Amino acid sequence: MRPRPWRTVALAVLAVVAVLAVGGAATGLWTELSTGEQARFQGLTEVVPWDEAITVPSFAPRPTPTPTFDLAQHSTSDPTSPWVIVNKQRPIAEGYEPPDLVDVSGAFVRTAVQADLAAMVGAAQAAGAQLVVGSGYRSYAEQASARGAIEARRGFAHAERYSARPGFSEHQTGLAVDIESGSDPGCSFQTCFARTVEGVWLAEHAGEFGFVVRYTEQNTGVTGYAPEGWHLRWVGRELTAHLREKGIGSLEEAFGVPGGPAYPDG
Ligand SMILES: [Zn+2]
């Protein structure tokens, strides 16, 4: 084949030109860009207008989870426990006597109750409500006689609604007190107690001192008792705060234990 050196030369030149053209074009384009435009390609975030930028997630602090209130920290069946639940389904042993009864204004309560009871009476006094501490601890025998007296006077059905059978009374725990009205003594232990200065004050403030009004209009179904605005049960301020915060109306509901108007044996 006849050699065609001009073609080889031409091809080589073309190759060189092509390489230069492509590279030159590229480098030419780049160098023609202003510094700002170069920056634009190098780091888009620097030139994206703020209002077009990706929505910045808000880093609002997560709400601190409320520590779960530990309802298991005290027993509900041990009679010495501050949270023992005694109702018509949950008797208390006939022979149980609280180990540490003290006298507060003529009523016996356990030592754990003493300070809160005194503080409550004092605070009520300052607010114009005269709480008269009626009765506290009642032994099994005393409950039997109190219940017998009510039954004799008002009949069995009435007694069932207002008075525990012996062995089923919170008063045997030493953690319950009955408060009488100083402003209207005639309403003591009566439905009208709830409307006395003392009854109204207790409904609002007993919880601040660790007491619950144990039997209310709202919880009659679960407690099995007619409302008694005067019967307070001490459980401690931690638990009453929890009940208030959660809007829980009875100890039975708080702990999920059975209650109601019927005794196990009918
Ligand atoms: Zn009572």
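The structure this text deals with has already been given above.
Scope of this entry: the structure provided in the associated data block. Please read all numbers here as calculations on a predicted model, not as lab measurements.

Overall, the coordinates contain seven aromatic pairs when judged by the stated rule. With 5.9 Å between their ring centres and 35 degrees between their planes, phenylalanine 69 and tryptophan 83 make a pair best called tilted. Placement of phenylalanine 69 in the loop between helix 3 (44-47) and strand 1 (101-104) and of tryptophan 83 in the loop between helix 3 and strand 1 is noted, with a sequence separation of 14 residues between them. With a relative accessible area of 22%, phenylalanine 69 lands in the partly exposed category. Of the aromatic side chains, those joined through ring pairs into one cluster are Phe69, Trp83 and Phe255. Here lysine 88 stacks its cationic end above the ring of tyrosine 225, 4.3 Å away from the centre of that ring.

Here we take up the state of the cysteines. Evaluated as defined, the whole model comprises one disulfide. Cysteine 187 shares a disulfide with cysteine 192; S-S distance 2.0 Å. One quick way to see it: the torsion about the S-S bond of cysteine 187 and cysteine 192 is about -115 degrees, and its sign makes the bridge left-handed. Residue class for cysteine 187 comes out buried when judged on its relative accessible area of 8%.

Turning next to the pattern of salt bridges. Here the structure, examined in full by the defined rule, presents nine salt bridges. With its nearest N and O atoms 2.8 Å apart, the salt bridge here joins arginine 237 to aspartate 116. Taken as a pair, arginine 237 in helix 9 (residues 237-246) and aspartate 116 in helix 4 (residues 111-126) lie far apart in primary sequence, 121 residues in all. We classify aspartate 116 as buried; its relative accessible area is 11%.

Our next topic: the environment of glycine 148. With respect to the helices and strands, glycine 148 occurs in helix 5 (residues 140-154). Given a relative accessible area of 35%, glycine 148 falls into the partly exposed group. Each C-alpha atom of the pair glycine 148 and serine 163 lies 9.4 Å from the other, and the pair is 15 residues apart in sequence.

Let us now look at the coordination of the zinc ion. Around the zinc ion, the protein contributes the donor atoms His171 (NE2), Asp178 (OD), Asp178 (OD) and His231 (ND1), which lie 2.0 to 2.8 Å from the metal centre. All donors of the zinc ion come from a single chain, and their spacing in sequence reads H-x6-D-x52-H. Highlighted residues: histidine 171 in the loop between helix 6 (156-162) and strand 4 (176-181) and histidine 231 in strand 6 (residues 228-234), separated in sequence by 60 residues. The two residues histidine 171 and histidine 231 agree in class, both being buried.

At 2.8 Å, the side chain of aspartate 116 forms a polar contact with the side chain of arginine 237. If we skip the residues at most four places from it in the chain, aspartate 116 touches Phe209, Phe211, Trp234 and Arg237.

The rules behind these values
- Residues numbered from 1 in each chain as written.
- Predicted model: local features only at pLDDT ≥ 70, side-chain atom pairs only at ≥ 80, totals over all residues.
- Heavy atoms only, no water.
- Phe/Tyr/Trp six-rings, centres within 6.5 Å; stacked < 30°, edge-to-face > 60°.
- Helix = DSSP H or I, 4+ residues; strand = E, 2+ residues; numbered from the N terminus.
- Buried < 20%, exposed > 50% of the residue type's maximum accessible area, 1.4 Å probe, protein only.
- Lys NZ or Arg CZ within 6 Å of the ring centre and 35° of its normal.
- Disulfide = S-S within 2.5 Å.
- Salt bridge = Lys/Arg side-chain N within 4 Å of Asp/Glu carboxyl O.
- Donors = N, O, S within 2.8 Å, 3.2 Å for Na, K, Ca; no water.
- Polar contact = N/O pair within 3.5 Å; in protein donor to acceptor, adjacent residues only side chain to side chain.
- Contact = heavy atoms within 4.5 Å.

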